[in-house]
Amino acid sequence: MDSISTNFSFSEFTDSETAIKHDIDNSIKHEYVRNNIKELVYHVLQPLRDHLGVPININSGYRCLKLNELVGGKPTSQHVVGQACDFTVDEYEPIEIARLIVELKLPYDQLGVYDSFVHVSVSSRQREQIFYDKSYKGEKL
């Protein structure tokens, strides 16, 4: 029941060293959160993984409210409802991955470029917002 797709599982979205360190239960309690994660995987992450042919490393997926607060996330963070994840792909810079998401026309609500990872979210409104972390000084799309 943990598997979402060929290459992704729910545990990748709930695993958190911070949650373990602080004894926080970051398990998914609501079906709508599971469904949001599935949408993110089916429409963005699995197609991207299939195109690249290499693993995608989820750094931060689902965050319960307590974990989200602890890591400094906004109370309205899409991570809290399973609509967002932060990830890396070995051998690729974050800007390269962001560019590929746009070029492949993968749906996204927000696409964030950070120095060491990419943030992507999906929602019913798909605003297609691209943003850059304030410390990011590299190339922009």
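Notes on the structure follow. Everything quoted here is computed from the prediction, not taken from an experiment. The numbering scheme is per chain: residues are counted from 1 as the chain's sequence reads. Predicted model: local features are reported for residues with pLDDT of at least 70 only, side-chain atom pairs are reported and counted for 80 or more only, and whole-chain, interface and lining totals are derived from all residues. Remark: hydrogens and water are excluded; side-chain values derive from all non-hydrogen atoms of the structure.

### Describing unusual backbone geometry
Working step 1: We note that Asp23 has phi near 55 degrees; this positive angle belongs to a residue other than glycine.
Working step 2: Mapping Asp23 onto the fold places it in the loop between helix H2 (17-21) and helix H3 (31-52).
Working step 3: For every residue, the accessible area obtained with a 1.4 Å probe (protein chains only) is divided by the maximum for its type, and the residue is called buried under 20%, exposed over 50%, and partly exposed between those limits. For Asp23, a relative accessible area of 71% gives the class exposed.
Working step 4: Its identity is not glycine, yet Lys105 carries a phi of approximately 60 degrees, on the positive side.
Working step 5: Mapped onto the elements, Lys105 comes out in the loop between helix H5 (94-103) and strand E3 (110-113). Secondary structure follows DSSP: runs of H or I at least 4 residues long count as helices, runs of E at least 2 residues long count as strands, and numbering of each begins at the N terminus.

### Quick look at the pairing of strand E2 (residues 84-88)
Working step 1: Of all five residues that make up E2, four are buried, and the element is covered over most of its length.
Working step 2: Paired strands are those between which DSSP finds at least two bridges. Of the pairings in the sheet, the one linking strand E1 (residues 57-60) to E2 comprises three bridges and is antiparallel in character. In the sheet register, Asn57 faces E2, and the bridge partner there is Thr88.
Working step 3: Direction of pairing for E2 relative to strand E4 (residues 118-121): antiparallel, over a ladder of four bridges.

### A look at the sheet that holds E4
Working step 1: Pairing is mixed in the open sheet, where five strands are placed in the order E1-E2-E4-E3-E5. With partners counted over all chains shown, the strands left at the sheet margins are E1 and strand E5 (129-132), one partner each. Each strand of the sheet is rotated relative to its neighbour by a mean of 25 degrees, with strand direction disregarded.
Working step 2: Each of E1, E2 and E4 touches H3; the most contacted strand, E2, lies at about 10 degrees to it.
Working step 3: Together, E2, E3, E4 and E5 form the strand contacts of H5, whose direction differs from that of E3 by roughly 160 degrees. For helices, the axis comes from a line fit to the C-alpha atoms of the stretch in contact; other axes are also lines fit to C-alpha atoms, and the angle between any two N-to-C directions lies between 0 and 180 degrees. Only heavy atoms enter the contact rule, under which two residues are in contact if any of them lie within 4.5 Å.

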